[in-house]
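# Per-entry structural report
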Amino acid sequence: MELKAFVEITRPHNCILAGVVGVLGSIVAVGHFPDLGTAFLVFLVVTLGCAGGNTINDYFDYEIDKINRPERPLPRGAMDRKTALYYSMLLLAIGLVLAYFINVRAFLLAVIAYAAMLLYAWKLKPLPFIGNLVVAGLTGATPLYGALAVERIGLAGYLALCAFLVNVAREVVKDIEDVEGDVAKGARTLPIIWGKKKAAYVGATFALLTVAASFLPVRAGVGLGYYAMVPVDLIILYAAYIILKNQDRESAHRAQKLLKVSIFLAVMAFIVAAMV
(Lines give C-alpha, C1' and ligand atoms only; values in the text may rest on other atoms or scores of the structure.)
Protein backbone atom coordinates (compact mmCIF):
# COMPACT_ATOMS: atom_id res chain seq x y z
CA MET A 1 0.00 0.00 0.00
CA GLU A 2 1.35 3.42 -0.99
CA LEU A 3 0.95 6.26 1.52
CA LYS A 4 0.71 8.83 -1.27
CA ALA A 5 -2.38 6.98 -2.50
CA PHE A 6 -4.32 8.40 0.47
CA VAL A 7 -3.77 11.88 -0.96
CA GLU A 8 -3.95 10.95 -4.63
CA ILE A 9 -7.32 9.16 -4.42
CA THR A 10 -8.99 12.31 -3.07
CA ARG A 11 -7.88 14.37 -6.10
CA PRO A 12 -6.64 17.15 -3.79
CA HIS A 13 -6.50 19.97 -6.35
CA ASN A 14 -10.26 19.65 -6.98
CA CYS A 15 -10.98 19.43 -3.25
CA ILE A 16 -8.92 22.49 -2.37
CA LEU A 17 -10.59 24.49 -5.15
CA ALA A 18 -14.03 23.44 -3.84
CA GLY A 19 -13.02 24.51 -0.33
CA VAL A 20 -11.91 27.90 -1.62
CA VAL A 21 -15.23 28.36 -3.46
CA GLY A 22 -17.05 27.59 -0.19
CA VAL A 23 -15.14 30.38 1.56
CA LEU A 24 -15.75 32.71 -1.38
CA GLY A 25 -19.47 31.98 -0.99
CA SER A 26 -19.23 33.42 2.53
CA ILE A 27 -17.56 36.54 1.15
CA VAL A 28 -20.26 36.96 -1.50
CA ALA A 29 -22.95 36.60 1.17
CA VAL A 30 -21.66 39.26 3.57
CA GLY A 31 -19.54 41.45 1.28
CA HIS A 32 -16.33 40.99 3.29
CA PHE A 33 -14.06 38.23 4.59
CA PRO A 34 -15.85 36.32 7.35
CA ASP A 35 -14.52 35.38 10.78
CA LEU A 36 -11.29 33.45 10.26
CA GLY A 37 -12.44 30.49 12.35
CA THR A 38 -15.70 30.17 10.40
CA ALA A 39 -13.88 30.49 7.08
CA PHE A 40 -11.44 27.74 8.09
CA LEU A 41 -14.26 25.40 9.12
CA VAL A 42 -16.11 26.04 5.85
CA PHE A 43 -12.94 25.25 3.90
CA LEU A 44 -12.39 22.00 5.83
CA VAL A 45 -16.01 20.79 5.62
CA VAL A 46 -16.18 21.35 1.86
CA THR A 47 -12.70 19.98 1.21
CA LEU A 48 -13.24 16.85 3.31
CA GLY A 49 -16.65 16.27 1.72
CA CYS A 50 -15.13 16.51 -1.75
CA ALA A 51 -12.27 14.20 -0.73
CA GLY A 52 -14.63 11.62 0.73
CA GLY A 53 -16.89 11.84 -2.31
CA ASN A 54 -14.01 11.31 -4.74
CA THR A 55 -12.75 8.34 -2.72
CA ILE A 56 -16.12 6.59 -2.51
CA ASN A 57 -16.62 7.27 -6.22
CA ASP A 58 -13.40 5.41 -6.98
CA TYR A 59 -14.59 2.56 -4.72
CA PHE A 60 -17.74 2.06 -6.79
CA ASP A 61 -15.98 2.73 -10.13
CA TYR A 62 -13.28 0.12 -9.52
CA GLU A 63 -14.19 -2.18 -12.42
CA ILE A 64 -14.64 0.71 -14.86
CA ASP A 65 -11.39 2.37 -13.76
CA LYS A 66 -9.47 -0.85 -14.40
CA ILE A 67 -10.21 -0.16 -18.08
CA ASN A 68 -10.49 3.62 -18.34
CA ARG A 69 -8.29 4.87 -15.46
CA PRO A 70 -5.76 2.10 -14.70
CA GLU A 71 -3.32 4.67 -13.26
CA ARG A 72 -5.62 5.49 -10.33
CA PRO A 73 -4.72 4.08 -6.87
CA LEU A 74 -7.30 1.28 -6.68
CA PRO A 75 -6.87 -0.33 -10.11
CA ARG A 76 -3.07 -0.14 -9.91
CA GLY A 77 -3.08 -1.77 -6.46
CA ALA A 78 -1.78 1.18 -4.44
CA MET A 79 -4.77 0.84 -2.09
CA ASP A 80 -7.30 -1.95 -1.63
CA ARG A 81 -11.02 -1.31 -2.01
CA LYS A 82 -11.95 -1.97 1.62
CA THR A 83 -9.38 0.57 2.80
CA ALA A 84 -10.77 3.11 0.35
CA LEU A 85 -14.29 2.52 1.69
CA TYR A 86 -13.25 2.99 5.31
CA TYR A 87 -11.09 5.99 4.39
CA SER A 88 -13.98 7.74 2.61
CA MET A 89 -16.26 7.15 5.61
CA LEU A 90 -13.60 8.61 7.93
CA LEU A 91 -13.21 11.74 5.79
CA LEU A 92 -16.97 12.29 5.66
CA ALA A 93 -17.38 11.66 9.40
CA ILE A 94 -14.71 14.23 10.26
CA GLY A 95 -16.35 16.70 7.89
CA LEU A 96 -19.74 16.26 9.59
CA VAL A 97 -18.26 16.69 13.07
CA LEU A 98 -16.65 19.96 11.97
CA ALA A 99 -19.90 21.11 10.32
CA TYR A 100 -21.68 20.64 13.64
CA PHE A 101 -19.50 23.36 15.15
CA ILE A 102 -20.54 25.95 12.52
CA ASN A 103 -24.32 26.11 12.96
CA VAL A 104 -27.41 23.92 12.56
CA ARG A 105 -28.20 24.94 8.97
CA ALA A 106 -24.62 24.38 7.83
CA PHE A 107 -24.65 20.98 9.50
CA LEU A 108 -27.92 19.96 7.83
CA LEU A 109 -26.73 21.04 4.38
CA ALA A 110 -23.50 19.08 4.93
CA VAL A 111 -25.54 15.97 5.82
CA ILE A 112 -27.68 16.38 2.69
CA ALA A 113 -24.69 17.05 0.41
CA TYR A 114 -22.64 14.16 1.81
CA ALA A 115 -25.62 11.80 1.46
CA ALA A 116 -26.13 12.96 -2.13
CA MET A 117 -22.48 12.20 -2.92
CA LEU A 118 -22.81 8.68 -1.55
CA LEU A 119 -26.09 8.06 -3.38
CA TYR A 120 -24.63 9.43 -6.62
CA ALA A 121 -21.58 7.16 -6.48
CA TRP A 122 -23.65 4.12 -5.47
CA LYS A 123 -26.77 4.36 -7.62
CA LEU A 124 -27.37 7.62 -9.50
CA LYS A 125 -24.23 8.03 -11.60
CA PRO A 126 -25.33 5.70 -14.44
CA LEU A 127 -28.80 7.24 -14.73
CA PRO A 128 -29.22 9.55 -17.74
CA PHE A 129 -29.35 13.22 -16.77
CA ILE A 130 -30.15 12.46 -13.09
CA GLY A 131 -26.46 12.10 -12.35
CA ASN A 132 -25.78 15.40 -14.15
CA LEU A 133 -28.35 17.17 -11.97
CA VAL A 134 -26.89 15.75 -8.75
CA VAL A 135 -23.33 16.83 -9.60
CA ALA A 136 -24.57 20.30 -10.60
CA GLY A 137 -26.59 20.53 -7.42
CA LEU A 138 -23.54 19.71 -5.30
CA THR A 139 -21.53 22.37 -7.11
CA GLY A 140 -24.26 24.94 -6.59
CA ALA A 141 -24.46 23.98 -2.92
CA THR A 142 -20.78 24.85 -2.37
CA PRO A 143 -21.08 28.68 -2.32
CA LEU A 144 -24.47 28.33 -0.63
CA TYR A 145 -22.79 26.39 2.17
CA GLY A 146 -20.41 29.28 2.76
CA ALA A 147 -23.40 31.61 2.95
CA LEU A 148 -25.25 29.45 5.48
CA ALA A 149 -22.11 29.35 7.60
CA VAL A 150 -22.23 33.14 8.01
CA GLU A 151 -26.04 33.04 8.39
CA ARG A 152 -26.73 35.33 5.47
CA ILE A 153 -27.58 34.37 1.91
CA GLY A 154 -27.22 37.70 0.08
CA LEU A 155 -25.93 37.38 -3.48
CA ALA A 156 -24.70 33.85 -2.74
CA GLY A 157 -28.20 32.55 -3.52
CA TYR A 158 -27.99 33.92 -7.06
CA LEU A 159 -24.45 32.58 -7.36
CA ALA A 160 -25.59 29.11 -6.29
CA LEU A 161 -28.37 29.19 -8.91
CA CYS A 162 -25.94 30.24 -11.67
CA ALA A 163 -23.41 27.62 -10.55
CA PHE A 164 -26.09 24.93 -10.70
CA LEU A 165 -27.32 25.88 -14.16
CA VAL A 166 -23.88 26.26 -15.75
CA ASN A 167 -22.80 22.95 -14.24
CA VAL A 168 -25.79 21.15 -15.74
CA ALA A 169 -24.61 22.56 -19.09
CA ARG A 170 -21.03 21.45 -18.45
CA GLU A 171 -22.01 17.95 -17.33
CA VAL A 172 -24.09 17.40 -20.48
CA VAL A 173 -21.32 18.76 -22.72
CA LYS A 174 -18.78 16.59 -20.91
CA ASP A 175 -20.97 13.56 -21.63
CA ILE A 176 -20.82 14.51 -25.32
CA GLU A 177 -17.02 14.60 -25.05
CA ASP A 178 -16.93 11.16 -23.37
CA VAL A 179 -19.58 9.46 -25.49
CA GLU A 180 -17.23 6.97 -27.20
CA GLY A 181 -15.81 5.67 -23.93
CA ASP A 182 -19.25 5.66 -22.29
CA VAL A 183 -20.69 3.55 -25.13
CA ALA A 184 -17.87 1.05 -24.65
CA LYS A 185 -18.63 0.66 -20.93
CA GLY A 186 -22.41 0.50 -21.43
CA ALA A 187 -23.33 3.85 -19.88
CA ARG A 188 -26.66 5.51 -20.68
CA THR A 189 -25.87 9.21 -20.81
CA LEU A 190 -28.03 11.83 -22.52
CA PRO A 191 -26.02 11.99 -25.78
CA ILE A 192 -26.08 8.20 -26.03
CA ILE A 193 -29.85 8.00 -25.58
CA TRP A 194 -30.90 11.13 -27.48
CA GLY A 195 -27.91 11.68 -29.74
CA LYS A 196 -25.19 14.32 -29.59
CA LYS A 197 -27.17 17.03 -31.37
CA LYS A 198 -30.16 16.93 -29.02
CA ALA A 199 -27.84 16.74 -26.01
CA ALA A 200 -26.02 19.81 -27.34
CA TYR A 201 -29.32 21.68 -27.39
CA VAL A 202 -29.95 20.69 -23.77
CA GLY A 203 -26.49 21.86 -22.74
CA ALA A 204 -26.83 25.12 -24.65
CA THR A 205 -30.28 25.72 -23.11
CA PHE A 206 -28.86 25.49 -19.60
CA ALA A 207 -26.00 27.78 -20.63
CA LEU A 208 -28.57 30.37 -21.79
CA LEU A 209 -30.53 29.91 -18.56
CA THR A 210 -27.32 30.67 -16.66
CA VAL A 211 -26.91 33.94 -18.52
CA ALA A 212 -30.55 34.83 -17.85
CA ALA A 213 -30.16 34.01 -14.15
CA SER A 214 -27.07 36.20 -13.94
CA PHE A 215 -29.33 39.24 -14.50
CA LEU A 216 -31.38 38.51 -11.37
CA PRO A 217 -29.03 40.43 -9.00
CA VAL A 218 -29.87 43.60 -10.95
CA ARG A 219 -33.46 43.28 -9.68
CA ALA A 220 -32.03 42.90 -6.19
CA GLY A 221 -30.48 46.35 -6.41
CA VAL A 222 -26.93 45.49 -7.44
CA GLY A 223 -25.41 48.45 -9.24
CA LEU A 224 -22.25 48.73 -11.31
CA GLY A 225 -20.82 45.62 -9.65
CA TYR A 226 -23.05 43.49 -11.86
CA TYR A 227 -21.04 44.37 -14.95
CA ALA A 228 -18.20 42.19 -13.69
CA MET A 229 -20.43 39.29 -14.77
CA VAL A 230 -20.73 40.45 -18.40
CA PRO A 231 -17.41 38.89 -19.60
CA VAL A 232 -18.40 35.64 -17.87
CA ASP A 233 -21.73 35.62 -19.69
CA LEU A 234 -19.91 36.09 -22.99
CA ILE A 235 -17.68 33.07 -22.24
CA ILE A 236 -20.75 30.96 -21.45
CA LEU A 237 -22.49 32.06 -24.66
CA TYR A 238 -19.37 31.27 -26.68
CA ALA A 239 -19.21 27.78 -25.14
CA ALA A 240 -22.86 27.25 -26.13
CA TYR A 241 -22.07 28.38 -29.68
CA ILE A 242 -19.14 25.95 -29.93
CA ILE A 243 -21.15 22.91 -28.89
CA LEU A 244 -24.13 23.80 -31.06
CA LYS A 245 -21.90 24.27 -34.09
CA ASN A 246 -20.07 20.96 -33.73
CA GLN A 247 -20.47 17.99 -31.40
CA ASP A 248 -17.13 16.26 -32.02
CA ARG A 249 -14.86 15.37 -29.10
CA GLU A 250 -12.53 18.35 -29.57
CA SER A 251 -15.36 20.90 -29.67
CA ALA A 252 -17.04 19.36 -26.63
CA HIS A 253 -13.73 19.45 -24.75
CA ARG A 254 -13.25 23.14 -25.54
CA ALA A 255 -16.81 24.00 -24.57
CA GLN A 256 -16.77 22.15 -21.26
CA LYS A 257 -13.40 23.67 -20.32
CA LEU A 258 -14.77 27.16 -21.00
CA LEU A 259 -17.80 26.39 -18.85
CA LYS A 260 -15.53 25.12 -16.08
CA VAL A 261 -13.49 28.34 -16.18
CA SER A 262 -16.69 30.40 -16.18
CA ILE A 263 -17.72 28.88 -12.83
CA PHE A 264 -14.69 30.25 -11.02
CA LEU A 265 -14.85 33.57 -12.88
CA ALA A 266 -18.52 33.89 -11.90
CA VAL A 267 -17.55 33.54 -8.24
CA MET A 268 -15.03 36.36 -8.69
CA ALA A 269 -17.63 38.50 -10.46
CA PHE A 270 -20.14 38.02 -7.65
CA ILE A 271 -17.50 38.98 -5.08
CA VAL A 272 -16.97 42.24 -6.99
CA ALA A 273 -20.75 42.80 -7.12
CA ALA A 274 -21.08 42.12 -3.38
CA MET A 275 -18.30 44.52 -2.43
CA VAL A 276 -19.02 47.44 -4.78
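Scope of this entry: the structure provided in the associated data block. (Residues numbered from 1 in each chain as written. Predicted model: local features only at pLDDT ≥ 70, side-chain atom pairs only at ≥ 80, totals over all residues. Heavy atoms only, no water.)

### Comments concerning helix H2 (residues 12–30)
Under the 1.5 Å per step criterion, the end-to-end length of H2 is 28 Å for 19 residues, consistent within 8% with the ideal 27 Å. Just beyond H2, the residue with positive phi is Gly31, at close to 85°. (Helix = DSSP H or I, 4+ residues; strand = E, 2+ residues; numbered from the N terminus. Expected span 1.5 Å × (residues − 1).)

### Notes on unusual backbone geometry
For residues that are not glycine, phi is negative in most cases, and the peptide bond is trans in most cases. Unusually for a residue other than glycine, Arg11 sits at a positive phi of about 55°. Relative to the elements of secondary structure, Arg11 occurs in the loop between helix H1 (5–8) and H2. We classify Arg11 as buried; its relative accessible area is 15%. Even without being a glycine, Glu151 presents a positive backbone phi close to 60°. The residue Glu151 is located in the loop between helix H7 (130–149) and helix H8 (156–177) in this model. (Buried < 20%, exposed > 50% of the residue type's maximum accessible area, 1.4 Å probe, protein only.)

### Topic: the environment of Val104
Mapped onto the elements, Val104 comes out in helix H6 (residues 104–124). Between the C-alpha atom of Val104 and that of Leu148, which follows or precedes it by 44 residues, the distance is 9.2 Å.

### Details of the packing of aromatic side chains
Under the counting rule described, the total for this entry stands at six aromatic pairs. When the centroid spacing of 5.8 Å and the interplanar angle of 90° are considered together, the rings of Tyr100 and Phe107 count as edge-to-face. Members of the aromatic cluster, each reached through a chain of ring pairs, are Tyr100, Phe101 and Phe107. Stacked on the ring of Tyr59, the Lys or Arg Arg81 has its end atom at 4.3 Å from the ring centre. (Phe/Tyr/Trp six-rings, centres within 6.5 Å; stacked < 30°, edge-to-face > 60°. Lys NZ or Arg CZ within 6 Å of the ring centre and 35° of its normal.)

### Re the nonpolar core
Counting residues in each nonpolar core, the largest one holds 45 residues, and the members touching the most others are Val28, Ile236, Ile243, Leu259 and Phe270. Counting residues per element, the ones that place at least two in this core are H2, H7, H8, helix H11 (196–213), helix H13 (230–245) and helix H14 (249–275). The residues touching Ile236, leaving out its near neighbours within four places in the chain, are Val166, Ala207, Thr210, Val211, Leu259 and Ser262. Counting 30 residues, the second-largest nonpolar core is a separate cluster that includes Val42, Leu92, Met117 and Leu148. (Core = buried A, V, L, I, M, F, W, Y, C linked by side-chain atoms within 4.5 Å. Contact = heavy atoms within 4.5 Å.)

### A word on a nonpolar patch on the surface
Where nonpolar side chains cluster on the molecular surface, the patch consists of Ile16, Leu17, Val20, Phe264 and Met268 and spans about 370 Å² of accessible area. Elements with a minimum of two residues in the nonpolar patch: H2 and H14. Sorting elements by how many residues they give to the nonpolar patch places H2 first, with three residues. Position of Met268 among the secondary structure elements: in helix H14. On the basis of relative accessible area, Met268 is assigned to the partly exposed category, the value being 31%. (Patch = residues over 30% accessible without salt bridge, like charges linked within 9 Å, V, L, I, M, F, W, Y side chains within 5 Å. Areas by Shrake-Rupley, 256 points an atom, 1.4 Å probe, with all protein chains shown as cover. Salt bridge = Lys/Arg side-chain N within 4 Å of Asp/Glu carboxyl O.)

### Digging into the environment of Lys197
Along the chain, Lys197 falls in helix H11. Those residues within four positions of Lys197 in sequence are excluded, and the remaining contacts are Leu244 and Gln247.

### Thoughts on the environment of Arg72
By the element assignment, Arg72 lies in the loop between helix H4 (62–68) and helix H5 (81–100). Not counting residues within four places of it along the chain, the set of residues in contact with Arg72 comprises Arg11, Asp58 and Asp65.

### Quick look at the pattern of salt bridges
A full pass over the atoms with the stated rule returns five salt bridges. Linking Asp58 and Arg72 is a salt bridge whose minimum nitrogen-to-oxygen distance equals 3.5 Å. Of this pair, Asp58 sits in helix H3 (residues 36–60) while Arg72 sits in the loop between H4 and H5, and the two are 14 residues apart along the sequence. What makes Asp58 buried here is its relative accessible area of 3%. Here Asp61 and Lys125 are joined by a salt bridge, their closest N and O atoms 2.4 Å apart. Of this pair, Asp61 sits in the loop between H3 and H4 while Lys125 sits in the loop between H6 and H7; the two residues are 64 residues apart in sequence, bridging distant segments of the chain. On the accessibility criterion, Lys125 (32% relative accessible area) is partly exposed. In this structure, a network of salt bridges that share partners links the residues Arg11, Asp58 and Arg72.

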